[in-house]
Amino acid sequence: MINENFQEQNLFEKSEVANLWIEVILPLAIPKTYTYSVPSFLQKKIKTGCRAEVVFGKNKKYAGIIKSVGNLKPAYETKDILNIIDDEPIVYPQQLLLWKWISDYYMCSEGEVMAAALPTHLKLSSETILIYNEEYGDDFSQLDNEEYLVAEALLIKKELKLAEVQLVTDTIHVYPIIKRLIDKRVCFVWEAFNEKYKEKKENYIVLNPDYDNDEKLSELLNNSKAPKQMELLLSFLHLIKTQGEVSQSELLKKSGASVAQLKGLADKNILLVEKRSVDRLKSLPKKSDISFELNESQKKALSEIDIAFNTKDVCLVHGITSSGKTQLYIKQIEKFINEGKQVLYLLPEITLTAQIIRRLQINFGGNIGIYHSKFNNNERVELWNKIKTGELKIILGARSALFLPFKSLGLIVIDEEHDPSFKQQEPAPRYNARDTAIFYASLFKAKVLMGSATPSVESYYNALKNKYALVNLDERYGGIKLPEIKIIDTRTVAAAKKGKVMISPQLKAAIEEALANDRQVILFQNRRGYAPFLICGTCGFIPRCENCDVTLTLHKFSNKLHCHYCGNTYPKLPACPACGSVNWIEKNFGTEKIEEELTEDFPNNRIARMDVDAVKGKNAHDTLIKLFEQHRIDILAGTQMVVKGLDFEKVSLVGILDADGLLSFADFRVNERAFQLMEQVSGRAGRKKEQGLVLIQASKINHPVLLFLQEHNYEKFYENEIAMRKQFFYPPYSRLIKLTLKHKLKDTTHDAADILGNSLKKYFPGLVGPAAPVINRVRSMYLMEILIKLSKDAGHIQDQKKVINNYINLLKADKRFRSVIIIPDVDPV
Ligand code: ADP
Ligand code: ZN
Ligand code: ZN
């Protein structure tokens, strides 16, 4: 079916002499595709989806993807392509359609989508260059200034030559910087056109076929004068019988024999050594025999999903925390792979833990591939290829797994569909994987199953409007009640204690009780570091970042002040630069400080912290989860990382330390985010044994979100929220496009925003701004924002985007504003 879509494929074999032009997508942030001519000796090899080697600009070479083929001569001079790299297309037509859709919908170029979609090994160029690691994510806060400069340049250009790295860092000694960037996985070095995917080869041992009969073998064994070698041979025979194939390393390990003994048998031509490419993905465990019986509610939900899929393509499961949604996904996945289809299981990056992988492997064994930013290039090459051939049936991955070349996709599962990390922030394409998945699925006529305990307002709205099917699962597996939620009024505590309450006496008592009952505790605070800001107790001076309009966070571990926006660090100031006083007051608290206080308050218990600073290594996150799972940690304090998806047996208490912080963001989604985070983290309590307890510390104790939480009442939350969205014309009633303008000079930024805002206002009367965002300078760039609210009924959304783009181009035509960076963000989260 897929190849039928390549209509052009064989068109030109008939007329070799015809002049051919191809439209090529280059993996760059350039607005258009480019047309090249095809010299006659290459014409036979042209297929859409293959890569062509082309010169772009003065003399830079790229591997571009052939998007279309035609024989109408363009009105302008075209260059010849240099070569065709692939015999067969490396992407399917569905992917090219996906790229086009993303580029249209999210207002970026197809080249930018291509750069994000193709693994680096497929993005080639003729020189040694640095390539930006698309998987690195949006967060540059861990980089120092030099690293950031290179990363930023990489982000915009996608790749840099050494000379360019030297230019941006203003130094010729760039190797250390590059090394650090590679260590941090911001980029790869690529020696293009000669770097090949290196297969891992291993020695396998086979029996010489001459000996492959009982008579010969027993003759050999009985007459041999080398008993050790014969022992080894027996071990080999046993292994080959039980497992089909034996590698050299495995044989030596299991038999305890030496290399010399093996060599002896090989020299006698009894055993043969063969080099075979090892299937790296095969090391996955086999499917286990454990099978789960669904309970009655799950059975009912499952059949509702089946019925829904008869008439609808998208189904939303609203299932409370610990209702067993994963089990429903598993049953659906089984159904589709039994039909020979492939399944994509998307989940937020930080929930892609060993825990969920294990749960799926119990059911699907080695049939499942994991697409993770922590995997290296080679592993991704294999995955890419196995998806493309259809050999691998299930992929579990974060948002970018959407770009894999599925051959026959049947189902996309979107777990925790409400999670904002499905939206990519930096760089383009700023796509939302949840929404994009629905389009991608439609190309295959595949189904989409999304689920959450706290659905996004948009998805729930779509479900109530009958655009999606809605299936409810409102009972916890095992019949345990949702945790009881109590609010602790921090004002009363604060009056007694003076200052911000970190762990109130009530919370402390509850922790003691939980620990005394051999239970575990999770504490959630949405700030990392030690103290989010310092203030001079004498004059009120607050240390701020030089590059950003933010206060600096004190980190005890590094003993430095950190900017969480640009990653810069500053030494701790002994005295106030304004008045010379040494009377610093630490304001507010982050996870580091909580950990410190817990260590003091509970000296006999095991305490751990889970945030991005604490889980840096490849396995640190999983290790921490495992330790907690095995109850080798009593109290886990952390940021969002403790909120998501985890399933622990013995957690009886969850503490939310600063609800006010969650409820005070200046964003129209503030209530939605606060409700989701608090309900999700509450869901970690009392999952297996008895009802849990959640204590929320807040001063705004009558905030409606807290009341909805106490009742675990998503529907009430939704009704309240949707009314506000309607009143203020926010999504899902409108569609938002946010334009961010950035420039080093404040005046230029403001003037550009004013001009653009004024021209757009004529078309979009509901436009908000231009206005400076709360944090109006980041990394030495001034920021301004314009928010456009589009009516959903307007229909001509693409035309409206064209209008916006035209005005952006018009503005950029003015010399003064040429260097203003303008970033359109469609459906910002
Ligand atoms: P959710 O994703 O809805 O929060 P989970 O899928 O994590 O819930 O299920 C909660 C717990 O209940 C998990 O430990 C899971 O293994 C267990 N569970 C759910 N359904 C079943 C079932 N049918 N049989 C056995 N255990 C189940
Ligand atoms: Zn001072
Ligand atoms: Zn900064």
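Residues numbered from 1 in each chain as written. Chains lettered and ligands numbered in written order. Predicted model: local features only at pLDDT ≥ 70, side-chain atom pairs only at ≥ 80, totals over all residues. Heavy atoms only, no water.

Student: Looking at this structure, how should I read the environment of histidine 318?
Tutor: Within the secondary structure, histidine 318 is located in strand S12 (residues 314–319). When its relative accessible area of 8% is taken as the criterion, histidine 318 is described as buried. C-alpha separation for the pair histidine 318 and asparagine 472, spaced 154 residues apart in sequence, amounts to 4.9 Å. If sequence neighbours within four positions are ignored, histidine 318 has contacts with Ser452, Ala453, Pro455, Tyr460, Leu470, Val471, Asn472, Leu473, Tyr714 and Glu715. (Helix = DSSP H or I, 4+ residues; strand = E, 2+ residues; numbered from the N terminus. Buried < 20%, exposed > 50% of the residue type's maximum accessible area, 1.4 Å probe, protein only. Contact = heavy atoms within 4.5 Å.)

Student: I keep staring at the site of ligand 1 and nothing clicks. Help me out?
Tutor: Taken together, the neighbourhood of ligand 1 is formed by 17 residues, with Glu293, Ser322, Thr326, Asp647 and Lys688 sitting nearest. At 2.9 Å, a side-chain N or O of arginine 359 approaches an oxygen atom of ligand 1. Here ligand 1, which alone exposes 550 Å², has 88% of that area covered by the protein. With three residues, the top contributor of residues to the shell around ligand 1 is helix H11 (residues 325–338). (Near = heavy atom within 4 Å. Polar contact = N/O pair within 3.5 Å; in protein donor to acceptor, adjacent residues only side chain to side chain. Areas by Shrake-Rupley, 256 points an atom, 1.4 Å probe, with all protein chains shown as cover.)

Student: Would you explain the packing of helix H1 (residues 93–105) against helix H2 (residues 110–117) in this entry?
Tutor: In a pair of packed helices, the angle between the axes and the distance between the axes together describe the arrangement. It is at 8 Å that the axes of H1 and H2 come closest, and there the two elements cross at 125 degrees. With respect to H2, the axis of H1 lies oblique. The handedness of the crossing between H1 and H2 comes out as right-handed. Of the residues in H2, those touching H1 at Trp99, Lys100, Ile102 and Ser103 are Glu110, Val113, Met114 and Ala117. Within the contact of H1 with H2, the residues separate by chemical class into five nonpolar, one polar and two charged. (Axes fitted to C-alpha atoms, helices over the stretch in contact; angles between N-to-C directions. Parallel < 35°, antiparallel > 145°, perpendicular 65-115°, else oblique. Left-handed = near helix turned anticlockwise from the far one by under 90°. Nonpolar A, V, L, I, M, F, W, Y, C, P; charged D, E, K, R; others polar.)

Student: Is there a simple way to think about the sheet that holds strand S22 (residues 553–555) in this case?
Tutor: Backbone hydrogen bonds are what pair the strands of a sheet, in a parallel or an antiparallel way. Taking strand neighbours across the sheet as the criterion, the three strands line up as S22-S23-S24 in an open arrangement whose pairing is antiparallel. In the strand order of this sheet, the two ends are held by S22 and strand S24 (569–571), each with one partner. Ignoring strand direction, the axes of neighbouring strands in this sheet form an average angle of 35 degrees. Here S22 runs beside strand S23 (residues 560–562); their pairing, made up of three bridges, is antiparallel. The partner of histidine 555 across the bridge, within S23, is lysine 560. (Pairing = 2+ DSSP bridges.)

Student: Help me understand the side chain of serine 323 in this model?
Tutor: Within the secondary structure layout, serine 323 lies in the loop between S12 and H11. Its relative accessible area of 1% is what places serine 323 among the buried residues. Excluding anything up to four places from it in sequence, serine 323 contacts Gln298, Leu473, Glu475, Arg476 and Tyr477.

Student: Explain the coordination of the zinc ion (ligand 3) here, please?
Tutor: Angles at a metal have ideal values that depend on geometry: 109.5 degrees with four tetrahedral donors, 90 or 180 degrees with six octahedral donors. At this site the zinc ion (ligand 3) is bound by Cys545 (SG), Cys548 (SG), Cys563 (SG) and Cys566 (SG), with donor distances of 2.2 to 2.4 Å. Around the zinc ion (ligand 3) sit four donor atoms, and with donor-metal-donor angles ranging over 103 to 114 degrees the site reads as tetrahedral. (Donors = N, O, S within 2.8 Å, 3.2 Å for Na, K, Ca; no water. Tetrahedral: all angles 85-135°; square planar, octahedral: opposite > 155°, others 65-115°.)

Student: Can you help me understand the coordination of the zinc ion (ligand 2) in this one?
Tutor: Every protein donor of the zinc ion (ligand 2) is listed here as Cys536 (SG), Cys539 (SG), Cys576 (SG) and Cys579 (SG), and their distances to the metal cover 2.2 to 2.4 Å. Around the zinc ion (ligand 2) sit four donor atoms, and with donor-metal-donor angles ranging over 104 to 115 degrees the site reads as tetrahedral. Between consecutive donor residues of the zinc ion (ligand 2), the sequence gaps follow C-x2-C-x36-C-x2-C. Taken together, the residues cysteine 536 in strand S21 (residues 533–536) and cysteine 579 in the loop between S24 and strand S25 (584–587) connect sequence positions 43 residues apart. Residue classification places cysteine 536 among the buried positions, given a relative accessible area of 3%.

Student: Looking at this structure, I do not really get the pattern of salt bridges. What am I missing?
Tutor: For side chains of opposite charge, pairing can occur when their charged atoms come near one another. Counted by the stated rule, this structure contains 37 salt bridges. Of the charged contacts in the structure, one is a salt bridge between aspartate 267 and lysine 263, with a shortest N-O distance of 3.3 Å. Of this pair, aspartate 267 and lysine 263 both sit in helix H9 (residues 259–267), separated by four residues, roughly a single helical turn. Judged by its relative accessible area of 57%, aspartate 267 falls in the exposed class. Arginine 725 is the salt-bridge partner of glutamate 672, the closest N and O atoms lying 2.7 Å from each other. Taken together, the residues span a long stretch of sequence, with glutamate 672 in helix H21 (residues 670–682) and arginine 725 in helix H23 (residues 714–727) at a distance of 53 residues. Arginine 725 matches glutamate 672 in its accessibility class, with the two residues each being buried. (Salt bridge = Lys/Arg side-chain N within 4 Å of Asp/Glu carboxyl O.)

Student: Where do I start with the nonpolar core in this structure?
Tutor: The nonpolar side chains of a soluble globular protein tend to be buried, and buried together. In terms of nonpolar packing, the biggest core is built from 114 residues, with Trp99, Leu346, Ile395, Ile412, Met678 and Ile788 touching the most fellow members. A per-element tally of this core places helix H14 (residues 433–444) first, with six residues. Excluding residues within four positions of it along the chain, methionine 678 makes contact with Ile656, Ala659, Leu662, Leu663, Ile696, Val705, Leu706 and Leu709. (Core = buried A, V, L, I, M, F, W, Y, C linked by side-chain atoms within 4.5 Å.)

Distances and angles like these do not, on their own, reveal function.
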